[in-house]
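Breakdown of the fold
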Amino acid sequence: MNATLGYGMVLGGLAFASFGALVGLVGGMRRNDSAFRWVMGCVFGFFACMLGANLVMEFALLTNDFSVQYVAQVGSRATPTVFKIVSLWSALEGSILFWGLIMGTYVFAFALVHRNEHKRYMSLALGTMLAVGVFFSFLIAGPANPFHTMSPVPMDGPGPNALLQNHYLMIIHPPMLYLGYVGMTVPFGIAVAALLRGEMGDAWMAPLRRWTLVAWLFLSIGIVLGSWWAYAVLGWGGYWAWDPVENASFLPWLTSTAFMHSTLVHERKKMLKLWTLSLVLGSFVLTVLGTFMTRSGIFNSVHSFTQSDIGPTFLVFIAILLFVSIALLATRGHLLVAESSIKSALSRETTILVNNLVFVAITFTVLLGTLYPLISEAVRGVRVSVGEPYFNKMAVPGGIMVLFLMGVGPMLPWGSSDAKTVRERFWIPAAVGVAVVAACLVGGLRGFYPLLTFGLAGFVTVITLRELALPVKVRMSERKEGFVTALVGSATKARRRFGGYIVHLGIVMIFVAVGASHAYVTHTSGTVRQGESLKVGEYQVKFLGLASGQEPHRTYVATRVEVTAPNGSVSELAPRMNYYERMTDPIGTPAVRTTAKEDLYLSLMAFSQERGTASFNAWVFPLVGWIWWSIPVLVLGTLIALWPARRSRAVADAKTPEAGAPPSAGDEMNRGAA
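The rules behind the values
Residues numbered from 1 in each chain as written. Predicted model: local features only at pLDDT ≥ 70, side-chain atom pairs only at ≥ 80, totals over all residues. Heavy atoms only, no water. Helix = DSSP H or I, 4+ residues; strand = E, 2+ residues; numbered from the N terminus. Buried < 20%, exposed > 50% of the residue type's maximum accessible area, 1.4 Å probe, protein only. Contact = heavy atoms within 4.5 Å. Patch = residues over 30% accessible without salt bridge, like charges linked within 9 Å, V, L, I, M, F, W, Y side chains within 5 Å. Areas by Shrake-Rupley, 256 points an atom, 1.4 Å probe, with all protein chains shown as cover. Salt bridge = Lys/Arg side-chain N within 4 Å of Asp/Glu carboxyl O. Core = buried A, V, L, I, M, F, W, Y, C linked by side-chain atoms within 4.5 Å. Pairing = 2+ DSSP bridges. Axes fitted to C-alpha atoms, helices over the stretch in contact; angles between N-to-C directions. Phe/Tyr/Trp six-rings, centres within 6.5 Å; stacked < 30°, edge-to-face > 60°. Lys NZ or Arg CZ within 6 Å of the ring centre and 35° of its normal. Polar contact = N/O pair within 3.5 Å; in protein donor to acceptor, adjacent residues only side chain to side chain. Expected span 1.5 Å × (residues − 1). pLDDT = per-residue confidence, 0-100. Bend = angle between axes of the 7 residues up to and from the residue. Parallel < 35°, antiparallel > 145°, perpendicular 65-115°, else oblique. Nonpolar A, V, L, I, M, F, W, Y, C, P; charged D, E, K, R; others polar.

The next thing to look at is the overall build of the protein chain. Helix and strand counts for the protein chain stand at 21 helices and 10 strands. Put simply, the protein chain has 674 residues, and 57% of those count as buried. Pairs at least 24 residues apart make up 73% of the contacts formed inside the protein chain by residues separated by at least 6 positions.

So, on to a nonpolar patch on the surface. On the surface, a cluster of nonpolar side chains totalling about 380 Å² of accessible area is made up of V316, I320, F323 and V324. Along the polypeptide, V316 turns up in helix 12 (residues 311–332).

Ranked by internal contacts, the top residues of the largest apolar core, which has 165 residues, are M57, F110, L126, F147, W204 and W253. At 17 residues, the largest contribution of residues to this core is made by helix 9 (residues 202–233). Discounting chain neighbours no more than four positions away, the residues touching M57 are V68, Y70, V71, L88, L97, P146 and F147. Listed in part, the 19 residues of the second largest apolar core include V561, V563, L604 and A618.

On to the sheet that holds strand 10 (residues 613–622), then. Here we have four strands laid out as an open sheet, ordered 1-10-9-8, and antiparallel in their pairing. Every interior strand has two partners, whereas the edge strands, strand 1 (522–529) and strand 8 (591–594), have only one. This sheet shows a mean twist of 20 degrees between the axes of neighbouring strands, independent of strand direction. Across four bridges, strand 8 lies against strand 9 (residues 598–608) in antiparallel orientation. Across the sheet, R593 pairs through a bridge with L600, a residue of strand 9.

What follows deals with the pattern of salt bridges. A complete count under the given rule lists six salt bridges for this structure. In this structure, E467 and R497 form a salt bridge, with 3.3 Å as the shortest nitrogen-oxygen distance. Of this pair, E467 sits in helix 16 (residues 448–478) while R497 sits in helix 18 (residues 495–519), and the two are 30 residues apart along the sequence. When its relative accessible area of 12% is taken as the criterion, R497 is described as buried. Note that R554 and E551 form a salt bridge whose closest N and O atoms lie 2.5 Å from each other. Using a relative accessible area of 12% as the deciding quantity, one classes R554 as buried. On the basis of relative accessibility, which here comes to 23%, the residue E551 falls in the partly exposed class. Taken together, the salt bridges that share partners define one network made up of R209, E267 and R496.

Now for the packing of aromatic side chains. Applying the stated rule across the entire model yields 38 aromatic pairs. A ring pair is formed by F19 and W38, whose centres lie 6.1 Å apart and whose planes are at 75 degrees; its orientation type is edge-to-face. With a gap of 19 residues between them, F19 in helix 1 (residues 2–29) and W38 in helix 2 (residues 35–62) connect regions that are remote in the sequence. When its relative accessible area of 54% is taken as the criterion, W38 is described as exposed. With a centroid separation of 5.1 Å and an interplanar angle of 75 degrees, the aromatic rings of Y390 and F391 are classed as edge-to-face. The class for Y390 is partly exposed, based on a relative accessible area of 25%. Members of the aromatic cluster, each reached through a chain of ring pairs, are W89, F98, W99, F135, F136, Y178, Y181, F314 and F317. The positively charged end of R197 is found above the aromatic ring belonging to Y121, 5.9 Å away from the centroid.

So, about the side chain of S517. Among the secondary structure elements, S517 is positioned in helix 18. A distance of 2.7 Å separates the side chain of S517 from the backbone oxygen of A513, its partner in a polar contact. Not counting residues within four places of it along the chain, the set of residues in contact with S517 comprises Y239, F621, P622 and V624.

Now for helix 6 (residues 119–141). Between its terminal C-alpha atoms helix 6 stretches 32 Å, which fits the 33 Å expected from 23 residues at 1.5 Å a residue. Most of helix 6 sits out of view: 19 of its 23 residues are buried.

Below, the discussion takes up the environment of A230. Considering the arrangement of structural elements, one finds A230 in helix 9. Separated by 11 residues in sequence, A230 and A241 place their C-alpha atoms 9.5 Å apart. Sequence-distant contacts of A230, that is, excluding residues within four places in its chain, are made with G235, W236, G238 and Y239.

When pLDDT is averaged across the protein chain, the result is 86; 90% of the residues are at 70 or more. Predicted confidence for residues 302–306 stays below pLDDT 50, and this span has 24 contacts to residues more than four positions away or in other chains. Scored below 50 in pLDDT, residues 647–674 shows 43 contacts in the model against residues more than four places distant or in partner chains.

Next up on the list: the pairing of strand 4 (residues 554–564). Note that strand 3 (residues 539–551) and strand 4 share 11 bridges and pair antiparallel. Bridging from a neighbouring strand, G545 pairs with R560 of strand 4. If you look at the hairpin formed by strand 3 and strand 4, you'll find two residues sitting between the two strands. As defined by bridge partners, strand 4 adjoins strand 6 (residues 576–579) across four bridges and the pair is classed as antiparallel. Looking across to strand 6, one finds that A558 is bridged to R576. Sheet topology note: the strand 4/strand 5 (residues 570–573) ladder contains four bridges and is antiparallel.

In an α-helix, one turn spans 3.6 residues; hence positions three or four apart end up facing the same way. The end-to-end C-alpha distance of helix 15 (residues 419–442) is 33 Å, a good match for the 34 Å that 24 residues give at a rise of 1.5 Å each. Where helix 15 bends most, at F426, the angle is about 35 degrees, and the proline P429 comes one to four residues later. By the burial criterion, the buried members of helix 15 are V422, P429, G433 and C440. Immediately beyond the C-terminal end of helix 15, within one or two residues, lies G444, with a positive phi of roughly 95 degrees.

The N-to-C vectors of helix 18 and helix 19 (residues 625–642) enclose an angle of 170 degrees; their axes lie 7 Å apart at closest approach. Relative to helix 19, helix 18 is oriented roughly antiparallel. Of the residues that constitute the contact of helix 18 with helix 19, the class distribution is 18 nonpolar, five polar and two charged.

Structurally, the position occupied by T287 is in helix 11 (residues 273–295). On the basis of relative accessible area, T287 is assigned to the buried category, the value being 2%. Among all residues touching T287, those that are not within four sequence positions of it are Y181, M184 and P252.

In structure tokens, the structure reads:
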């Protein structure tokens, strides 16, 4: 019953998406306003069918309906309820089904928010999004169908992948990443609509920017949570290994970040129109490529699913996307001409352009290193390995350049500037950066790249705080407002500018944490008897003994460890081994003592109850926690930037005439651009 009902809803979603895509694209090209009502109905139908199919699968998982093949594959009576729920995305077929729900939700939300605006674009945009929905609905109905039936029906199942139920971060990490991936469908549809129309009005740029920023935020959270999961679960003493699937999420993040900066130049100077749309199209193609890399099984990764039959289908879809994107840019791009040009090398628009080029260069470098083993095997029959040294050597200098430009860009004015003004704005942040490096050297820190990172972080932080504080200072002096009132007033008047600088501070935190945790890590390993100690850095780790226990879905053996910190404080940690019924090898769970300064990271490698011994890997990672703590900062800054403008402004944008918004429509955004 569940299989029949769920599969029927998937077929309904495929029908709604197909009809809506056809009507939306044909009606939009013919400028048939009556088609929009049909498209809206199809959007709602697609969303309802995807929601219903997912609810049916969740019901099957919770009720242990092993007649459904996917439940028999990942379900288990012993699995705790919370992991039964999240097992929806623990394997290939369920993750694609969940993907369809997120896509339906995004398209429905976009249609609902803009149903009374941008009528000349909406049918084309929604038709494009539903065309993408056709592909994913086809996958769910065909190669990745989770609603196949089982005969005979098994009495129990193996449960989800043990790695995916070994830590609660797996409850939120995949949905955040999926929300980032699938969210790129909306800006892709907006960009295609603009190219088909041959124009990019200021009012249409606003939803393009906002929906890209929404997807960017979820993608950022997903990437950081993924690195935290790798750190907290896998026990290898790291959080980023340039794994192919890690790279798959990083690639669209790079291009979408470049897009967000490019929009500033587009709005302020009416430049880089074609380049801006190219970044949007490229970001979506990279998300589909990343999905292929994750779910086709062609890469050997802890993140990827097993070998599947959907790889060829994805390759065909990627080829279609590339063809459509290149064709649109080639045939319609000449209509999106720049209305001005760069006047000076010492200008904000020049810095943003250079910043974009650096982002694209890093993207190409990471993409080449990720795909080269596959290309080599296909062409020469030899499987080569491209590891962390290549990526660090090629990408780290680009990252340093990005950090430098994060400070230089806001410091320079739009248009042109004289050398004297630049010097006046430059010398205090530069002096702070030099002072930071000097303080690090006095403290005994060495290393070119980490010291350069810390110095540039100080440089960028001073400029960012100055840009945040300047409007507050002006309001306090001119309007005689209190600090809190001036702060709120400044943030309200230029939300994007204010939010963007807060995001910059979060990115600086990540740069500093990565630089410190990589350059100054301390590592020790060894085997100790009960009552003996292991020294790692300035910490004393004393092994107190072993303890075992049982949970509904696993058993475990934990070590009791007493940790004496450099300041003399004493605490206990319990790194352990988890044993799952259908796995021959245990899965370790490291124990982490976290402070603002550093993490003590203990991983249990082996133990002997007879001899009373345990073997540990131990690390001290300076500042590594700042990576995870950057998430609230990124969320806060993005939400401020996304907060809607006053109703009067929204109404004015909604009533933009057919030829495009008048120059005044973007004035507030331009004044707030940073």
